[in-house]
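# Overview (structure and organization)
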Amino acid sequence: WSVEVGPAGFSSPVIGQDETVYVGTWKGEIVAVNPTGTIKWRRTLPERRIMSSPALGPDGSIYIVSTRRVDETSLSTLHKLTPDGLFLWSTPFPNNGFTTSSPKTWGSASDTSIFVYARQSSQNLRNELLTFDGQGTLVNRQGVDTCENEWSGPSCFLCSVLGWLWDFSVSLEPADLIDAHWPDPTVAIVDFPRLEPRRQPIVVVIDDCGLLAYRWNPPNLTRLWIQSSDLRFKFSSPVVTSVLAVGRKDGAVVAYDYLTGTKLWEYDAEEAVMATPASLGRQIYVASRNTLHVLDSDGRLVTKRPLQGQTVASPAMTLNLVYLSTAGGFYVTPFDMSGFLVDSNAQGGISSPAVGTDG
């Protein structure tokens, strides 16, 4: 089935435990779609735009960020809704903060933490890692600044995003988005059992010049390591498997040890890597502008295949298949990329696929 939800922009769908699909739209609506393809409900948020994907809490609650413009200033708000679409609360970002990244949840149904990276509209304020509890209370604000050199003006991303947020056309090709704009990377939560039994996860946030990792011991964040540069890069969101891997606009895919921040290897994709890499184990799947790359966990290239149509979307994986959306259609391939199945009618390349529990 197919169902019209509206201009979705960068917002990718997420799937609830009952297989309900949730997606945010450019018109400020969050839309719930039944597994049969009918609209379950629509809710319009007070702000004008939804750029990021929703996040689901352990109890099925929906967390979504919306953004609006007030007097040349971008302002973002975090909202919480029930699976039935009931608004529970809305919490504005402090200090006129805004973001195009998605929130990330961690914890139990009775004790949920929501992490989100926020940029500041004022050039005199540091960007922040914001942490909210399940009741919408801001419990931690951690300044994020990985740039070694002082910066006397707004970043290039900030210059472009202020106009883009309000003039964005969903008819843009993925290549146009790569050349002109770049969404904020989403926070990564590292919570593997081998870390330690006390369940204090590592929270990784990416700024313009590098990566920062913190240990989360509610309500405190303690810095573990920083990887910074005096150069400004545009990063994808990271994937964490045996390593922490992240893509960059210059084509580099870089892997770090998530416990120490040590750089392990770097691979050159030779074109912008906007999409979050994907992995279910040893191999890492990276979608660059026109190519799908398969890397081993040591950074060695296993294989790569050209794509029909460009993409900024992330691959999605099951135990035996990889799914990818491009401007040329929808791809399904085995892990060894021995063959591609393309539905040329399902043209996309901006929003990433989501896979339900039934495949």
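Residues numbered from 1 in each chain as written. Predicted model: local features only at pLDDT ≥ 70, side-chain atom pairs only at ≥ 80, totals over all residues. Heavy atoms only, no water.

Here we come to the overall build of the protein chain. Helix and strand counts for the protein chain come out as two helices and 29 strands. Evaluated residue by residue, the protein chain yields a buried proportion of 58% over its 359 residues. The contacts of the protein chain with a sequence gap of at least 6 include a subset with a gap of at least 24, amounting to 46%. (Helix = DSSP H or I, 4+ residues; strand = E, 2+ residues; numbered from the N terminus. Buried < 20%, exposed > 50% of the residue type's maximum accessible area, 1.4 Å probe, protein only. Contact = heavy atoms within 4.5 Å.)

Let's shift gears to the sheet that holds strand β19 (residues 244-247). Spatially, β18-β19-β20-β21 is the arrangement adopted by the four strands of the open sheet, whose pairing is antiparallel. Sheet topology places β18 (239-240) and β21 (263-268) at the edges, where each strand pairs with a single neighbour. Pairing geometry for β18 and β19, over two bridges, is antiparallel. The partner of Val 240 across the bridge, within β19, is Leu 244. (Pairing = 2+ DSSP bridges.)

What follows concerns the pattern of salt bridges. Charged atoms that come close allow side chains of opposite charge to pair. All told, the structure shown has 10 salt bridges when counted by the stated rule. Asp 208 is paired through a salt bridge with Arg 119; the nearest N and O atoms lie 2.8 Å apart. Of this pair, Asp 208 sits in the loop between β15 (202-206) and β16 (210-217) while Arg 119 sits in strand β11 (residues 111-120), and the two are 89 residues apart along the sequence. Its relative accessible area of 6% is what places Arg 119 among the buried residues. Put simply, Arg 300 and Asp 296 hold a salt bridge, and the shortest N to O gap is 2.9 Å. Among the ionic contacts, a cluster of salt bridges with common partners joins Arg 119, Asp 184, Asp 208 and Arg 232. (Salt bridge = Lys/Arg side-chain N within 4 Å of Asp/Glu carboxyl O.)

Glancing now at the packing of aromatic side chains. The full count for this structure, using the stated rule, is nine aromatic pairs. Between the aromatic rings of Phe 115 and Trp 216, the centroid separation amounts to 5.2 Å while the plane-to-plane angle is 85°, which identifies the pairing as edge-to-face. Remark: Trp 216 occurs in strand β16 and Phe 115 occurs in strand β11; sequence separation between them is 101 residues. One exposure class covers both Phe 115 and Trp 216, and it is buried. Over the face of the ring belonging to Phe 233 we find Arg 248, whose NZ or CZ atom lies 3.9 Å from the ring centre. The ring of Phe 340 carries the charged tip of Arg 305 above its face, separated from the ring centre by 4.4 Å. (Phe/Tyr/Trp six-rings, centres within 6.5 Å; stacked < 30°, edge-to-face > 60°. Lys NZ or Arg CZ within 6 Å of the ring centre and 35° of its normal.)

Time to look at the nonpolar core. Core analysis: the biggest nonpolar cluster contains 17 residues, and Val 204, Leu 211 and Leu 244 have the highest contact counts within it. Discounting residues that sit within four places of it in the chain, Val 204 has contacts with Val 187, Ala 188, Val 190, Leu 211, Leu 212, Ala 213 and Leu 244. Within the second largest apolar cluster, 13 residues are counted, among which are Trp 106, Phe 115, Val 205 and Leu 221. (Core = buried A, V, L, I, M, F, W, Y, C linked by side-chain atoms within 4.5 Å.)

Let us now look at the environment of Val 33. Considering the arrangement of structural elements, one finds Val 33 in strand β3 (residues 29-33). Put simply, Val 33 and Val 3 are 30 residues apart on the chain and 8.3 Å apart in space, counted from C-alpha to C-alpha. Not counting residues up to four positions away in its chain, the partners in contact with Val 33 are Trp 1, Val 3, Val 5, Glu 19, Thr 20, Val 21, Thr 38, Ile 39 and Lys 40.

Here the focus is the sheet that holds strand β1 (residues 14-15). Taken together, the four strands give an open sheet; going across it, the order is β1-β2-β3-β4, and neighbouring strands pair in antiparallel fashion. Only two strands of the sheet have a single partner each, and these edge strands are β1 and β4 (39-44). Judged from the five bridges that link them, β3 and β4 form a sheet pairing that is antiparallel. Looking across to β4, one finds that Glu 29 is bridged to Thr 44.

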